[in-house]
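# Coordinate analysis (summary)
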Amino acid sequence: MMENRLQKHIDLLIKRYPALQSVEQQITEAYLIMEECYQKGGKLLIAGNGGSAADSEHIAGELMKRFKTPRPVSQEFADKLKEIDPVRGKNLAENLECSLMAIPLVAHEALTTAYINDVDGLGVFAQQLFGFGRPGDVFLGISTSGNSKNIMSATVVARAMGIKVIGLTGAGGGELEKVADVCVKAPETETYMVQEYHLPIYHCWCLMLEEKFFGENRSV
């Protein structure tokens, strides 16, 4: 039976978006992969194209700072900041927020444009994943068709490095479904409609992760 802490978020998601009941199990399985990754000190690497590139940065933004719940630094770290600089340190101690490390592979314009121009346009996510990734991390590949060539190249590197792959796609699943550890297939085929389901899915993941690691009853 799913833990109550997860079920309440899933129930709210399904209540608001009933069509997602068909992928409820996959949403939960993908979340549990991310939870295990963070528990072991790993990070999330995210990539997509177009609107899915924007989603990649959106997800990282929700994880790297508060989503709903305050994430104050530890008292020990706050004391160190104030010891180093009583004025700036006090401000930092009050305003810094703890993060769940997430890197959108769609950023880093100097690196990506240089690699695209000098080496291989379709390998731009694979190169970054190879550089940033470590065994135990998770790669979240977002592709409405499931067939984005640069996403698929990144999955090859991920699997070679011992990095689990989560796919977030449309109803078809495409090639990504075949290689992902878990693939969440939004129940639409039209690109913009698929993307409209992707947002509430990843917001649900962010809510569950934040509650797990920063909630009052967190158990890390």
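Residues numbered from 1 in each chain as written. Predicted model: local features only at pLDDT ≥ 70, side-chain atom pairs only at ≥ 80, totals over all residues. Heavy atoms only, no water.

## Concerning the packing of helix α4 (residues 75-84) against helix α5 (residues 86-95)
What counts here: Axis definition: a line fit to C-alpha positions, over the contact stretch in the case of helices; interaxial angles, taken between N-to-C directions, run 0 to 180 degrees. Secondary structure counts use DSSP, requiring at least four H or I residues in a row for a helix and at least two E residues in a row for a strand, with both numbered from the N terminus. Working rule for angles: under 35 degrees goes down as roughly parallel, over 145 as roughly antiparallel, 65 to 115 as roughly perpendicular, anything else as oblique. In this analysis, two residues are considered to be in contact whenever any of their non-hydrogen atoms come within 4.5 Å of each other. Each residue is assigned to one of three groups, with Ala, Val, Leu, Ile, Met, Phe, Trp, Tyr, Cys and Pro labelled nonpolar, Asp, Glu, Lys and Arg labelled charged, and all others, Gly among them, labelled polar.
Following both chains from N to C, one finds α4 and α5 inclined at 155°, their axes separated by 6 Å at the closest point. As judged from the angle between their axes, α4 and α5 are roughly antiparallel. Touching A78, L81, K82 and I84 of α4 are P86, G89, K90, L92 and A93, all from α5. Class assignment for the residues of the contact of α4 with α5 results in six nonpolar, one polar and two charged.

## Some remarks on the state of the cysteines
Applied cut-off: Cysteine sulfurs are considered disulfide-paired once they come within 2.5 Å of each other. Residue exposure (1.4 Å probe, protein chains only): buried if accessible area is under 20% of the type maximum, exposed if over 50%, otherwise partly exposed.
Tallying each qualifying case throughout the model produces zero disulfides. Counting only cysteine sulfurs, C206 is the nearest neighbor of C98, a cysteine outside any disulfide, at a range of 16 Å. C206 takes part in no disulfide bond, and the closest cysteine sulfur, belonging to C204, lies 9.3 Å away. What makes C206 buried here is its relative accessible area of 2%.

## Overview of the environment of A171
Considering the arrangement of structural elements, one finds A171 in the loop between β4 (164-169) and α9 (174-179). Using a relative accessible area of 35% as the deciding quantity, one classes A171 as partly exposed.

## Quick word on the sheet that holds strand β3 (residues 138-142)
Note the following rule: Should DSSP find at least two bridges between two strands, the strands are regarded as paired.
Strands sit in the order β2-β1-β3-β4-β5 across an open sheet of five strands; the sheet is parallel. The sheet is open, and its two borders are formed by β2 (102-104) and β5 (182-185), each paired with just one other strand. Within the sheet, the average angular offset between the axes of one strand and its neighbour, ignoring direction, is 15°. Of the pairings in the sheet, the one linking β4 to β5 comprises four bridges and is parallel in character. Counted as the bridge partner of I166 is V182 from β5. The sheet strands contacting helix α10 (residues 191-214) are β3, β4 and β5, and the helix crosses β4 at an angle near 135°.

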